[in-house]
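The primary structure of each chain is shown beneath.
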Amino acid sequence: MNDAYEGTGVASSSDLSRDPTVRLLAEVERLRKEARQKTKLADRRASFWAVADISLGFPAALLAAVSGATGLTTPDARTPAALLALASAGLSAGAGFLRSDTRRIGHKRARKAWAALEGEATVALTQEQPDQECLRRLFEMRQAALTAYEGDDA
């Protein structure tokens, strides 16, 4: 049995080799299933990077403000202020290095692209006989969803 169609519940391998329409439907169903999984994954990753962005950015801003206020109070408070400023700088550097805001936006963009692919595949499955042009369009949408992570315009 062909691994690409195994477990799809569409048809057996002997049916697939005989009927091109069944093969097209099986491929459209596979793309829809992949898109559904990738949509959920991109959603979870976008949520993770949103939390990471807040977790690094908010404490960095708070520590910077506290270190500034501490440094201005008395000359004896310079050492604690310097330590707070170093902690703030470390969090800011970590946030800049991870680019969590950029990653969050990329995953949101990818989530939209995968959801569009899933919707288009669902519509294609309602057709009695999807054609190769329909499948070609779905593969183009898949490629656009893959490039959405980097922020490329599709």
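Everything here concerns the structure above.
Calculation criteria
Residues numbered from 1 in each chain as written. Predicted model: local features only at pLDDT ≥ 70, side-chain atom pairs only at ≥ 80, totals over all residues. Heavy atoms only, no water. Helix = DSSP H or I, 4+ residues; strand = E, 2+ residues; numbered from the N terminus. Buried < 20%, exposed > 50% of the residue type's maximum accessible area, 1.4 Å probe, protein only. Contact = heavy atoms within 4.5 Å. Areas by Shrake-Rupley, 256 points an atom, 1.4 Å probe, with all protein chains shown as cover. Patch = residues over 30% accessible without salt bridge, like charges linked within 9 Å, V, L, I, M, F, W, Y side chains within 5 Å. Salt bridge = Lys/Arg side-chain N within 4 Å of Asp/Glu carboxyl O. Axes fitted to C-alpha atoms, helices over the stretch in contact; angles between N-to-C directions. Parallel < 35°, antiparallel > 145°, perpendicular 65-115°, else oblique. Left-handed = near helix turned anticlockwise from the far one by under 90°. Nonpolar A, V, L, I, M, F, W, Y, C, P; charged D, E, K, R; others polar. Expected span 1.5 Å × (residues − 1). Phe/Tyr/Trp six-rings, centres within 6.5 Å; stacked < 30°, edge-to-face > 60°.

Per the secondary structure count, the chain includes five helices and zero strands. Going residue by residue from the N terminus, the α and β elements of the chain occur as α-α-α-α-α. Buried residues in the chain amount to 29% of all 154 residues. Taking as baseline every contact in the chain between residues at least 6 positions apart, the subset at least 24 positions apart corresponds to 71%. Carbon and sulfur atoms provide 56% of the accessible area of the chain, an area that totals close to 9500 Å².

Together, Ile54, Phe58, Leu62 and Val66 give the surface a local cluster of nonpolar side chains, amounting to about 410 Å² of exposed area. Among the structural elements, Ile54 can be located in helix H2 (residues 20–73).

Once that is clear, we can look at the packing of H2 against helix H4 (residues 100–126). The interhelical angle for the contact between H2 and H4, taken along N-to-C directions, is 160 degrees, at an axis separation of 7 Å. Judged by the angle between their axes, H2 and H4 are roughly antiparallel. Like other packed secondary-structure pairs, H2 and H4 cross with a definite hand, here left-handed. Its residues placed into classes, the contact of H2 with H4 shows 16 nonpolar, four polar and 14 charged.

Moving on: H4. With 27 residues, H4 should cover 39 Å at 1.5 Å per step; its first-to-last C-alpha distance of 39 Å lies within 8% of that length. When H4 is considered as a whole, its buried residues turn out to be Ser100, Gly106, His107, Ala110, Ala113, Trp114, Leu117, Glu118, Ala121 and Ala124.

All told, the structure shown has eight salt bridges when counted by the stated rule. Between Glu120 and Arg137 there is a salt bridge, with the nearest N and O atoms lying 3.2 Å from each other. Residue Glu120 is located in helix H4, and its partner Arg137 is located in helix H5 (residues 132–147); the two are separated by 17 residues in the primary sequence. What makes Glu120 partly exposed here is its relative accessible area of 24%. With relative accessibility at 32%, the residue Arg137 sits in the partly exposed group. Taken together, the shared-partner salt bridges in this structure form one network comprising Glu27, Arg30, Glu34 and Arg142.

We now examine the packing of aromatic side chains. One pass over the structure, following the stated rule, counts one aromatic pair. Ring geometry for Phe48 and Trp49: centres 5.0 Å apart, planes at 80 degrees, overall edge-to-face.

Between H4 and H5, the shortest axis-to-axis distance is 8 Å and the interhelical angle comes to 165 degrees. By the angle class used here, H4 and H5 are roughly antiparallel. For the element pair H4 and H5, the recorded crossing hand is left-handed. Only Cys134, Arg137, Leu138, Met141, Arg142, Ala145 and Leu146 of H5 make contact with H4, whose side of the interface consists of Ala110, Ala113, Trp114, Ala116, Leu117, Glu120, Ala121 and Ala124. A per-class count over the contact of H4 with H5 returns twelve nonpolar, no polar and three charged.

This paragraph deals with the environment of Ser55. Of note, Ser55 is situated in helix H2. Each C-alpha atom, one on Ser55 and one on Leu91, is 9.1 Å from the other, the two residues being 36 residues apart in sequence.

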